[in-house]
Amino acid sequence: MKKYIIATGILAMLTLGQACKKDSDFLEKQPTDNLSVASVWKDKNLVLTLVGDLYDRYPDYQNIEAWWDFTNFDEAFASAGGDYFRHQNTEYNYDSWNYWDYGFMREINLFIKRGGESTNLLAKEDTDRFLAEARFVRAGVYFELVKRMGGVPLLLEPLTYDYSGDPTPLRVARSKESEMYDFIIKEMEEIKVLLPDNNADPSRASKGAALALESRAALYAGSIAKYGAATPEVSLPGGEVGIPASMANGYYQIALRAAEEIITGGKYSLYKKNTNLQENFAALFIDKANPEVIFVKDYKLKTKKAHGFTIDNQPRSIAEEAQGGRLNPSLNLVQSFEMLDNSFAPLASVSGSNPIYYTNLTDIFAGRDARLGGTVILPGTQFKGKNIDIWAGYQLASGAIVTGTNFAEIKTNVLPGNTGAVQVVGGDGPLDGVEFSAQSGFYVRKFLDPAAGSGQIGTRSEVRWIRYRFAEVYLNAAEAAFELNNTAKAAGYLKEVRDRAGLTTALTAGQITFDRIVHERRVELAFEGHQLWDMKRWRLAHKVWNGTANTAADFTTATNIGSSEKVNTMVFGLWPYKYYAPGDPNDGKYLFKVVKPSRVTAAHRFRMGNYYSQFNQDILNGNPLIIRNPNQ
Amino acid sequence: MRKIFLNIALASIVFLGSCKKDNFDAPESDFSGRLLYQGQQIHVRHAGFGAELWQKGFGKFGVINVNFNQEGMFSSKLFDGNYKFTVSNSQVPFLWPKNAAGRPDSLDVNLSGDKVMDLEVRPYFMLRSPVITYSAGAVNATCSVEKIITDANGRDLERVTLYVNNTQFVDDQSTNNKAKQDLSGAAISNPANLTMSVAMPTFSPVQNYAFARIGIKISGIENMVFSPVVKLTF
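No experiment lies behind these values; they were computed from the predicted model shown. (Residues numbered from 1 in each chain as written. Chains lettered and ligands numbered in written order. Predicted model: local features only at pLDDT ≥ 70, side-chain atom pairs only at ≥ 80, totals over all residues. Heavy atoms only, no water.)

Residues and numbers for the interface of chain B and chain A, please.
With 14 residues of chain B at the interface, the matching set in chain A holds 21 residues. Together, the buried faces of chain B and chain A total about 1500 Å²; carbon and sulfur atoms form 35% of this surface. Three residues stand out in chain B for area buried against chain A, namely Arg103, Gln173 and Glu222 of chain B, and they jointly supply 34% of the buried area on that side. At the boundary of chain B and chain A, one finds 2 salt bridges. A salt bridge links Arg628 of chain A to Glu52 of chain B; the nearest nitrogen and oxygen atoms lie 3.6 Å apart. Where chain B touches chain A, the interface holds 5 residue pairs in polar contact (both at pLDDT 80 or more). Its residues placed into classes, the side of chain B that touches chain A shows 2 nonpolar, 7 polar and 5 charged. (Contact = heavy atoms within 4.5 Å. Buried area = accessible area lost by both parts, 1.4 Å probe. Salt bridge = Lys/Arg side-chain N within 4 Å of Asp/Glu carboxyl O. Polar contact = N/O pair within 3.5 Å; in protein donor to acceptor, adjacent residues only side chain to side chain. Nonpolar A, V, L, I, M, F, W, Y, C, P; charged D, E, K, R; others polar.)

Here it is as structure tokens:
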């Protein structure tokens, strides 16, 4: 009996005693699967993961995770079955490259708000740095928005809906385009002192990154103000699109000042580790111990953060998978790399109507800007220590061409006087209409990873995507100085960049023209996501992509290669052939033909309505205060 | 046997039952029209720009885009109802009235049954009396250009161009233009009497006909005004 009483008593104590806990303790149990705002802002490492997420979502239009976007504007041919359409549509849609990520913007603003409310929990310098980084990302997102859409609602606080049934208080009208740039410049000036002044970790914002962003943004604003005056139809009466010409000089001065602050700061220098200038330029994008990079998106092998740029674009003959070779730089780009004497010349494929014969495949490219070989894999060169095999077939003395339809195809008894089996086309093509072959005659080299395994699906690549680098800062400074009529200073800054490319005959102050500035950015920054925005801000896009078809004469006998308004609407290629004529002195030499890949059928046309992208109807329905962009 | 019959009955219930409610009537009213200036059709580029139709009362807005064809005509099959009609705010070769906010103004269209609505607009320039002929290996053209809008809204003549094409879609954007001749606006002294001539190109594959028309480029306006397409046989 006694036993039972004790047992019952213990049971009762366990049951009732449990209930003595306060209700609030029970109800306010901390969840174990996510972290509260307060607990995150106690720990520096937890906040860093949030900042990392913000950096990860930093927007780019063209980057190495989307090789195909580099082919939209005739800098390259898309050698892949599903991407030929990029060369077959005349017009760009009005909503092309539009961008509207206010979900991300809200999260950035929430981060800034919460960080500001809990400053006492972390060391002040840590909080300051985190908040400055978030503001850097926010300015980057607004920069992306203004580049693509013009002025947009400038929200600096997370909006909260009060469930009253009336969403009117949440509606914000578009700011002026100039106000967007003013905001970016002001933010960068404020946060530059809060960020570390070194390039120890270029995947995080630094003082240099803030100034580089400021310099680029001010340069864009300045050129929109100056060159927008020539296209008055690309503007809105409220200033949401278009900046008054009177503001140009002010922006150029800011661009120059910000760029010079980086240059005189001395924390960065141009990458010059290799005396072979071509190899040096290619290594600039690969080498992670690099004094030139300012702000990057970094990748790491054996994590989810690795990319397949090298898988997609490795030369087909030496590929580590049965694919590659998608991004083929166009002859349009290749021929724009100037000669070492600072002159422009087409690649000499014909003299009158006769072909020019070259002993080696690379001879035709000799004496050019070293950046050519660093940006493009040329026929007759190597990658990963292996020979690239780009040649289109045999040209016989009779004029007939012997070629194949498969990579490195071997045919028997096709050459006169030779009954044996011979390879009739290169292992990399060019094969017209065959994906992964070098259909323009070239492969891309910039950002292509030379590491073993980088071309395997199971390994991938950790080459960084460089968003800001020091050479661009020089070019920003040069352009701003030029626009402020200080051509001597512009020549000095251009010289720094051009010396590294082997162009050692310096341009004099009198030789600096607008065309020179445009040209230098095109060749230095090819495949780095600048082309579209540069062409837009100079209001050159509708002249360069004007819908007029390019012809072979634009490449064989071009005289206006250095012109900023040279029409660039169709991708052309340059195909090498082996000359087969036993007994002829030119037997065994190479000749080159300018070709238009057959998949290129339309000439691109950039309409006035493409300067600023169209807002989706959903955005307009949700916020009637948003006014539409012009000419669409 | 009975099983088969049952199955058929079941199948007809399932399949015929779905014919009733969830199938909607297709739009049935034809709505069409032309771009006119004083009764004369304005020819433009095929699908160069379009009209927009908007309808209220169905929640969110969505536009119905209707492009103009080469003859400056549009047509669309629509449901009956009340629409707002406007032309897209792209660069059109005529003046479309604007509202106070600077946006293209709109027309009310009530559709019940087929409807034809011609649009009387004021083009910047009109192409008058175009004649295109073929003789002795050359395409010859004559026309006159009349400036319609002469007030502050007027624009300059950038060029007049004769296009020869192997397809019937002849315009400035066609990649099938095999020959063309430009007369730059600055070089034109007498716009009332323009003559152009261009050698008939060779076509591959060979064909014994070609299409040609004359276009007027207005400075600062992307879409050109054209003459009717002429088929030339040789």
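Next comes the rest of the write-up.
Quick one: what's the story with the side chain of Arg148 of chain A, residue by residue and with numbers?
Looking at the element boundaries, Arg148 of chain A is found in helix 6 (residues 124-149). At a separation of 2.6 Å, a polar atom in the side chain of Arg148 of chain A contacts the side chain of Glu144 of chain A. (Helix = DSSP H or I, 4+ residues; strand = E, 2+ residues; numbered from the N terminus.)

An account of the sheet that holds strand 3 (residues 50-54) of chain B is requested, with residue identities and associated values reported.
Residue and element names in this part refer to chain B. Ordered in space as 4-3-6-8, the 4 strands form an open sheet in which the pairing is antiparallel. Two strands in the sheet have a free side with no partner beyond their single neighbour: strand 4 (64-67) and strand 8 (107-111). Averaged over all neighbouring strand pairs, the angle between strand axes comes to 30°, with direction disregarded. Here 5 bridges tie strand 6 (residues 81-87) to strand 8, and the two strands are oriented antiparallel to one another. Along strand 8, the bridge assignment pairs Tyr83 with Val109. (Pairing = 2+ DSSP bridges. Axes fitted to C-alpha atoms, helices over the stretch in contact; angles between N-to-C directions.)

Describe helix 6 of chain A, naming the residues involved and giving the relevant values.
A rise of 1.5 Å per residue sets the reference length of helix 6 of chain A, with its 26 residues, at 38 Å; its end C-alpha atoms lie 37 Å apart and thus fit the reference within 8%. A large share of helix 6 of chain A lies buried, amounting to 22 of its 26 residues. (Expected span 1.5 Å × (residues − 1). Buried < 20%, exposed > 50% of the residue type's maximum accessible area, 1.4 Å probe, protein only.)

How would you sum up the UniProt feature "domain: RagB/SusD" (unreviewed entry) in chain A? Please name residues and give values.
Sites flagged by UniProt as "domain: RagB/SusD" (unreviewed entry) map to residues 291-630 of chain A. Annotated as residues 291-630 of chain A, this span is 22% helix and 15% strand, and its ends, taken at the C-alpha atoms, are 43 Å apart. (UniProt positions renumbered as here; feature names shortened; annotations may be inferred.)

Could you give an account of the nonpolar core, with specific residues and numbers?
In terms of nonpolar packing, the biggest core is built from 112 residues, with Phe111, Phe136, Tyr142, Phe143, Leu145, Tyr181 and Ile184 of chain A touching the most fellow members. With 56 residues, the next largest nonpolar core counts Phe281, Leu361, Leu378 and Ile388 of chain A among its residues. (Core = buried A, V, L, I, M, F, W, Y, C linked by side-chain atoms within 4.5 Å.)

Let's hear about the sheet that holds strand 16 (residues 194-199) of chain B: which residues, and what values?
All names here are of chain B. In spatial order, the strands read 12-13-16; together these 3 strands make up an open sheet with antiparallel pairing. Here the strands that pair on one side only, and so sit at the sheet edges, are strand 12 (125-135) and strand 16. Direction aside, the axes of adjacent strands within the sheet are offset by 20° on average. As defined by bridge partners, strand 13 (residues 138-147) adjoins strand 16 across 6 bridges and the pair is classed as antiparallel. If you follow Ala138 over to strand 16, its bridge partner there is Ala199.

Could you give an account of the domain arrangement of chain B, with specific residues and numbers?
Residues and elements named next belong to chain B. Per the domain assignment, the segments making up chain B are domain 1 (29-122) and domain 2 (125-233). Distance between the C-alpha centres of domain 1 and domain 2: 26 Å. In this complex, domain 1 contributes 17 residues to the contact, which on the side of domain 2 involves 25 residues. Contact between domain 1 and domain 2 buries roughly 1800 Å² in total, counting both sides, with carbon and sulfur atoms accounting for 53%. Applying the counting rule to domain 1 against domain 2 returns 9 residue pairs in polar contact (both at pLDDT 80 or more). For the side of domain 1 that touches domain 2, a count of residues per class yields 7 nonpolar, 8 polar and 2 charged. (Domains from an automatic or database assignment.)

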